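Structural overview
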Amino acid sequence: MKVLITGGSGLLGQYLNIFLSKENDIFTIFNKHIGNCQEYKSAQLDIRDYEGLRKVFKSFNAELVLHTAAISDTIINSTVSAKDVYDINVKSTESIANLCKEFNAKMIYTSTDLVYAGYRGSYLKEDAKLIPVSLYAETKLMGELKIQQIFDNYIILRTALLFGFGLNHSTCHFQFLFEQLSKNIPVKVFIDQFRSPISLLEAARLIGELIKKDIKKEVINFGGPERISRYELVERLCDIKGFNKNLLVKIKLDDLPQLPKVEDVSLNIDKMKSFGLEPKSLNEMIKEVLRKT
Ligand SMILES: NC(=O)c1ccc[n+]([C@@H]2O[C@H](COP(=O)([O-])OP(=O)(O)OC[C@H]3O[C@@H](n4cnc5c(N)ncnc54)[C@H](OP(=O)(O)O)[C@@H]3O)[C@@H](O)[C@H]2O)c1
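This write-up is about the structure you can find in this document. (Residues numbered from 1 in each chain as written. Predicted model: local features only at pLDDT ≥ 70, side-chain atom pairs only at ≥ 80, totals over all residues.)

A short note on the overall build of the chain
The helix and strand tally for the chain stands at nine helices and 13 strands. Against the globule reference of 19 Å for 293 residues, the chain gives a C-alpha radius of gyration of 18 Å, in line with a compact fold. Taking the principal axes of the C-alpha coordinates as reference, the chain spans close to 55 × 40 × 40 Å. Scored against the burial criterion, the 293 residues of the chain give a buried share of 45%. Residue pairs at least 24 apart in sequence account for 77% of intrachain contacts in the chain once pairs closer than 6 positions are excluded. (Helix = DSSP H or I, 4+ residues; strand = E, 2+ residues; numbered from the N terminus. Rg over C-alpha atoms; globule rule 2.2 N^0.38 Å. Buried ≥ 20, exposed ≤ 12 C-beta atoms within 10 Å, placed from the backbone. Contact = placed C-beta atoms within 7 Å.)

Structure representation (structure tokens):
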């Protein structure tokens, strides 16, 4: 299958390049960081550039577009304005959906578990109440709505917390904790935020399975099988890797009021499993991630 990947230089995108290129003809788009995109057919493109996008659609003629490019920070920093976040996460998603419609390609969009109302937990189903509490989550939800307004040939993956090791510049909190604990440095971890983490390896593997399936017009929770707090996740890492658990400092969401407060967006993944997408257990995922380091 001809697969166009946006965000190919991101945390997830780097793994998608590797997994999807095994059985598919991929074209992968990066913006500022080339990473392993240089090993594949690729282009440097700001997805706000509609004409640039159109050229790629026209020349590559993808059957499937996996749209992962986004501003994924939950807190706006000095380098990215709210307008940038809107333009990239909403307007560009809308452009990509329009181009998919025009060029007859299916679109898979990586949305987020953070679109749900985090105070309601737990094991939320796809029809649970949506109350995004950060600009990031709000714009990801707006991206979902734009796609749904434009056409039916889509799959929206409400993706859970991703963990593992970044292959280029992009890293995640799990990697930060791993590096600190490796050096015997204490780390602060939330005891009152619950997610359904899935490893980058497992997410990329399952997306590789998903693209073979004849599914469309679906919103699917996409995460691991276990509801777990951030603290318990790191405890699990300590158990498996033999890190000193005394280095873990328990904190609560209220201790960091500047962060968007998300208590429990753990996912019910029955629908994902009903499509034959069966994630490994959390322990298996952690062990696999550690084996690959
Ligand atoms: N990480 C998680 O835990 C998580 C959880 C749920 C959902 N998601 C979703 O999964 C997707 C991937 O997340 P991630 O963690 O891999 O993100 P990431 O590491 O922050 O990567 C973001 C990607 O988007 C690209 N990008 C940003 N602005 C762009 C622009 N103007 N034009 C073209 N490309 C642009 C970046 O390119 P450059 O780096 O080359 O600039 C990078 O490839 C996102 O859609 C995110 O919303 C992530």
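The discussion continues.
Regarding helix α7 (residues 230–241)
With 12 residues, α7 ought to run about 16 Å at 1.5 Å a step, and its terminal C-alpha atoms sit 17 Å apart, in line with that. Taken together, the buried positions of α7 are occupied by R230, L233, V234 and L237. The arc that holds every buried residue of α7, seen down its axis, measures 95°, which confines them to one face. Packing partners of the buried residues in α7 comprise α5 (173–182), β8 (187–190), β12 (228–229), β13 (248–251) and α9 (282–291). Once α7 ends, the next one or two residues include G242, with phi positive near 80°. (Expected span 1.5 Å × (residues − 1). Arc of directions from axis to C-beta.)

As for the site of the ligand
The ligand sits among 27 residues. The nearest are G10, L11, N31, K32 and S170. By residue class, the composition of the shell around the ligand is 11 nonpolar, 12 polar and four charged. (Near = placed C-beta within 6 Å. Nonpolar A, V, L, I, M, F, W, Y, C, P; charged D, E, K, R; others polar.)

Topic: helix α2 (residues 50–60)
In an α-helix there are 3.6 residues to a turn, and that puts residues three or four apart on one side. Looking only at α2, the buried set comprises L53, V56, F57 and F60. Axial view of α2: buried residues confined to an arc of 100°, hence all on one face. Opposite the buried face of α2, by more than 90 degrees, sit the exposed residues E51, K58 and S59. Its buried side turned inward, α2 meets β1 (2–6), β2 (25–30), β3 (41–44) and α3 (82–102). One or two positions beyond α2, positive phi appears at N61, with a value near 55°.

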